[in-house]
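Observations on chain architecture
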Amino acid sequence: MAHHKSALKRIRTAEKARLVNRQYMKQMRRSIKELLTFQKKDEAEPQLKKAASLLDRLARKGIIHKNKAANQKSRLTKFVNALN
């Protein structure tokens, strides 16, 4: 257990950040899974735009790496373009 006041505060703030980051990651996974369920291109395109925006936001905040965001956006775009 930490003994310094600042270390105790770090523990509290780190736990809060962990919970917030967990929610963001859950939101990202949910958005991607939802997009992958679409069968028609015209229905999937608005969801792709939302998912790409979310990925960019998470990369900007440092929750995920910018290359991970780019890879996911590329993969999802390929999926949507392959739909009819």
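Above this text is the structure in question.
Description of the structure in this document. (Residues numbered from 1 in each chain as written. Predicted model: local features only at pLDDT ≥ 70, side-chain atom pairs only at ≥ 80, totals over all residues. Heavy atoms only, no water.)

Describing helix 2 (residues 41-61)
Helix length check: helix 2, at 21 residues, gives a terminal C-alpha distance of 30 Å against a target of 30 Å (1.5 Å per residue), a fit within 8%. All buried positions along helix 2 are accounted for by Ala-44, Gln-47, Leu-48, Ala-51, Ala-52, Leu-54, Leu-55, Leu-58 and Ala-59. The elements touched by buried residues of helix 2 are helix 1 (5-36) and helix 3 (66-82). (Helix = DSSP H or I, 4+ residues; strand = E, 2+ residues; numbered from the N terminus. Expected span 1.5 Å × (residues − 1). Buried < 20%, exposed > 50% of the residue type's maximum accessible area, 1.4 Å probe, protein only. Contact = heavy atoms within 4.5 Å.)

Some words on the nonpolar core
Here is a general trend for soluble globular proteins: nonpolar side chains tend to be buried in one another's company. Ranked by internal contacts, the top residues of the largest apolar core, which has 16 residues, are Met-28, Leu-35, Ala-44, Leu-55, Ile-64 and Leu-76. Residue assignment for this core shows that the elements contributing at least two residues are helix 1, helix 2 and helix 3. Top contributing element to this core by residue count: helix 2, with seven residues. Leave out the neighbours within four places in its chain, and Ala-44 touches Leu-35, Phe-38, Val-80 and Leu-83. (Core = buried A, V, L, I, M, F, W, Y, C linked by side-chain atoms within 4.5 Å.)

A few points about the pattern of salt bridges
Going through the model one piece at a time under the given rule, you end up with two salt bridges. Linking Glu-15 and Arg-18 is a salt bridge whose minimum nitrogen-to-oxygen distance equals 2.9 Å. A residue pair is termed a helical-turn pair when its members lie 3 or 4 positions apart in one helix, as Glu-15 and Arg-18 do in helix 1 at three residues. (Salt bridge = Lys/Arg side-chain N within 4 Å of Asp/Glu carboxyl O.)

Concerning the packing of helix 1 against helix 3
Here helix 1 crosses helix 3 at 15°, and the two axes come no closer than 10 Å. With respect to their mutual orientation, helix 1 and helix 3 come out roughly parallel. Two packed elements cross with a definite hand, and for helix 1 against helix 3 that hand is left-handed. Contact with helix 1, carried on its side by Met-28, Ile-32, Leu-35 and Leu-36, involves Lys-68, Gln-72, Arg-75, Leu-76, Phe-79 and Val-80 of helix 3 and no other residues of that element. Residue composition of the contact of helix 1 with helix 3, grouped by class: seven nonpolar, one polar and two charged. (Axes fitted to C-alpha atoms, helices over the stretch in contact; angles between N-to-C directions. Parallel < 35°, antiparallel > 145°, perpendicular 65-115°, else oblique. Left-handed = near helix turned anticlockwise from the far one by under 90°. Nonpolar A, V, L, I, M, F, W, Y, C, P; charged D, E, K, R; others polar.)

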